[in-house]
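# Remarks on the overall topology
So you can see what is in the structure, the chains are spelled out below.
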Amino acid sequence: MLTDDAAVVEAVVEARYGGADGPGIDLLCGSDSLKQLERDFVVGSKASELVAGDAVTLRSRVGDEPALPTLVCTDAAVVAVIPVGGGEAVAAPVEAADARTRLTDLYRSLWAGAVPYSVDLPPYETMLSVAERTVGSAVREDFETAAGVVHRGDGEVPLKPVALAVVVGARHEAFVADITEWAETTGIASQGTVSNVKNDLREVGVVETDEVAHGVGRPRQRLRFADECFASLSVEELVATVRTVL
């Protein structure tokens, strides 16, 4: 598939991630479309998982070439995907054999000269499974719910996964060290970033920490909400509230 439309890239990722197993998809895109992919960490991490499993191969077109229409090229057909507004599109098969040949040759030429693209986000299922292993199944479930809220929040203030991890951790009074292990293992944030985000959330009155004795050595920090009113909020309400204060 050839596309410079970020919405098409997202739709392909979502459809392939949630669909049945099938042949791999070669996706050739403009660099701006692929950068847009990573701005939504849910879609980006799903794309990362698809790439890791060879379900999707991403390549970026090089240079300042003009935008091209969305084309689906197979051995049997070439189909142009034409947007018609309102988030909808129509599929227009290319009937003329000469046109199909020229478009297929164009795609193959562009693919050969394109650069392999690696999504700089951890695979989605890895992010969730490491959360369950390090912090518990309840935190995993709430994080997945919170991530879905962020993903659906078009035009809303974006929240990074590390911020969601700290807030959900506070909801379950998790240890900061466990949140940090989760973040560092998956690559969503470093220890320093987790600490900075925790401090930012503390300054705006969302989270607080308590020191808990833990055998020999320094006490461990346990996350909690700074105000008990947060504890009564659903995950969806919690995300909306945090958006308003950050």
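Note that the structure is a prediction, hence the values are computed from the model and not measured. (Residues numbered from 1 in each chain as written. Predicted model: local features only at pLDDT ≥ 70, side-chain atom pairs only at ≥ 80, totals over all residues. Heavy atoms only, no water.)

## Quick look at helix α5 (residues 124–134)
- Turning to α5, its buried residues number three or more, namely Tyr-124, Met-127, Leu-128, Val-130, Ala-131 and Thr-134. All buried residues of α5 lie within an arc of 165 degrees about the axis, which places them on one face of the element.
- Just downstream of α5, Gly-136 is the residue with a positive phi angle, here 120 degrees. (Buried < 20%, exposed > 50% of the residue type's maximum accessible area, 1.4 Å probe, protein only. Helix = DSSP H or I, 4+ residues; strand = E, 2+ residues; numbered from the N terminus. Arc of directions from axis to C-beta.)

## Section: the nonpolar core
- In terms of nonpolar packing, the biggest core is built from 43 residues, with Ile-179 and Trp-182 touching the most fellow members.
- Elements supplying a minimum of two residues to this core: α3 (41–52), α5, α6 (137–152), α7 (161–171), α8 (176–186), α9 (191–203), β9 (220–225) and α10 (235–245).
- When residues no more than four places from it in sequence are discounted, the contact partners of Trp-182 are Met-127, Val-130, Ala-131, Thr-134, Val-135, Val-139, Phe-143 and Ala-165.
- Val-8, Val-9, Val-13 and Leu-37 belong to the second largest nonpolar core, which has 16 residues in total. (Core = buried A, V, L, I, M, F, W, Y, C linked by side-chain atoms within 4.5 Å. Contact = heavy atoms within 4.5 Å.)

## Examining the confidence of the model for the protein chain
- Put simply, the protein chain has an average pLDDT of 89, and 95% of its residues get 70 or more.
- Element-level pLDDT for the protein chain is lowest in helix α2 (residues 31–39), with a mean of 84, against a maximum mean of 96 in α8. (pLDDT = per-residue confidence, 0-100.)

## Quick notes on the packing of α2 against α3
- Packing of α2 against α3 brings their axes to within 5 Å, and their N-to-C directions diverge by 110 degrees. One element, α2, and the other, α3, form an angle in the roughly perpendicular class. Here Leu-37, Glu-38 and Arg-39 of α2 lie close against α3, whose contacting residues are Phe-41, Val-43, Gly-44 and Ala-47.
- When grouped by side-chain class, the residues that make up the contact of α2 with α3 number four nonpolar, one polar and two charged. (Axes fitted to C-alpha atoms, helices over the stretch in contact; angles between N-to-C directions. Parallel < 35°, antiparallel > 145°, perpendicular 65-115°, else oblique. Nonpolar A, V, L, I, M, F, W, Y, C, P; charged D, E, K, R; others polar.)

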